[in-house]
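# An overview of the molecular structure
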Amino acid sequence: MTSSAHLPSNLPTYWPPVDCSQASFVAANATLLGDVILEVGASVWYGAVIRGDVVSIRVGASSNVQDGAILHGDPGEPLVLEELVTVGHRAVIHSAYVERGCLVGIGATILNGVRVGAGSIIGAGALVTKDVPARSLVLGVPGKVVRPLSEEEVLDLLDHARKYERLARVHAGTGSDLGFQEPASEA
């Protein structure tokens, strides 16, 4: 599938359609345009906007961009989400680099030039303006590292992204594993 169905009808056809063929799910009301790459198993949820009209944006394998999130950037400052990244509802990421296995919490904002180290959590509502070391929990406005994450917490982040990939397949009509539900036990 391509994103031509995801463009508002009044936009000029300046940008070619985004290739969504490797994605596990792209919601019909998500907006994707410009230089956007969705890698294998990525998902883009309801009302999300990924606008690569002035900069390239890459959504890594098995990463998810949840409802209402916005990804955009400035010329010369690409936006990259590596694999297994979870971008929470209404989060904003602008010309930043988010490494493998991070979780960007609900309503968090990551600004230009920031690099978020692998296996980190950006807490809900945080405003991140400086680089984040790997395996960090960042909270607040402005965002500050409050503690390192344990190995178990980092592994949970990877598992969380994989659960979203399974759930995405259900939304796409290509799977039946809801991801977040435990299998029914037999009595």
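Residues numbered from 1 in each chain as written. Predicted model: local features only at pLDDT ≥ 70, side-chain atom pairs only at ≥ 80, totals over all residues. Heavy atoms only, no water.

Each helix and strand in the protein chain was counted, giving one helix and 17 strands. The C-alpha atoms of the protein chain give 16 Å as radius of gyration, which agrees with the globular expectation for 187 residues (16 Å, within 12%). On the principal axes, the C-alpha backbone points of the protein chain span a range of 50 × 45 × 20 Å. Within the protein chain, the fraction of its 187 residues that count as buried is 45%. Long-range pairs, those at least 24 residues apart, make up 13% of the contacts in the protein chain with a sequence separation of at least 6. A total of about 8900 Å² of accessible surface is found on the protein chain, and carbon and sulfur atoms cover 56% of it. Measuring between centres, the 13 positive side-chain charges of the protein chain sit 5 Å from its 20 negative side-chain charges. (Helix = DSSP H or I, 4+ residues; strand = E, 2+ residues; numbered from the N terminus. Rg over C-alpha atoms; globule rule 2.2 N^0.38 Å. Buried < 20%, exposed > 50% of the residue type's maximum accessible area, 1.4 Å probe, protein only. Contact = heavy atoms within 4.5 Å. Areas by Shrake-Rupley, 256 points an atom, 1.4 Å probe, with all protein chains shown as cover. Lys, Arg positive; Asp, Glu negative; His and termini not counted. Charge placed at Lys NZ, Arg CZ, Asp CG, Glu CD.)

Moving on: the environment of Val80. By the element assignment, Val80 lies in strand 7 (residues 79–81). Taking the C-alpha atoms as reference points, Val80 and Val59, separated by 21 residues in sequence, lie 6.4 Å from one another. Residues in contact with Val80, not counting those within four places in the same chain, are Arg58, Ala96, Tyr97 and Val98.

Quick look at the pattern of salt bridges now. This model, assessed by the stated rule, comprises nine salt bridges. A salt bridge links Arg51 to Asp53; its shortest N-O distance comes to 2.5 Å. On the accessibility criterion, Arg51 (32% relative accessible area) is partly exposed. What makes Asp53 partly exposed here is its relative accessible area of 23%. (Salt bridge = Lys/Arg side-chain N within 4 Å of Asp/Glu carboxyl O.)

The next point concerns helix 1 (residues 151–172). For an α-helix, the turn length of 3.6 residues means that residues three or four places apart are oriented alike. With 22 residues, helix 1 ought to run about 32 Å at 1.5 Å a step, and its terminal C-alpha atoms sit 32 Å apart, in line with that. Residues Val154, Leu157, Leu158, Ala161, Lys163, Tyr164, Glu165, Leu167 and Ala168 constitute the buried set of helix 1. (Expected span 1.5 Å × (residues − 1).)

Turning our attention to the sheet that holds strand 16 (residues 136–139). If you trace the eight strands from one edge of the open sheet to the other, you get 1-3-5-8-11-14-16-17, paired in mixed fashion. If you trace the sheet from one side to the other, it starts and ends with strand 1 (25–26) and strand 17 (144–148), each paired once. Two elements, strand 8 (residues 86–87) and strand 11 (residues 103–104), share two bridges in a ladder whose sense is parallel. Each residue of the ladder has a partner; that of Val87, found in strand 11, is Val104. (Pairing = 2+ DSSP bridges.)

Applying the stated rule across the entire model yields five aromatic pairs. One aromatic cluster is present, formed by Phe25, Trp45, Tyr46, Tyr164 and Phe180 through successive ring pairs. Across from the ring centre of Tyr97, 3.9 Å away, lies the NZ or CZ of Arg115, which sits over that ring. (Phe/Tyr/Trp six-rings, centres within 6.5 Å; stacked < 30°, edge-to-face > 60°. Lys NZ or Arg CZ within 6 Å of the ring centre and 35° of its normal.)

Scope: geometric values only; no functional claims are made or implied.
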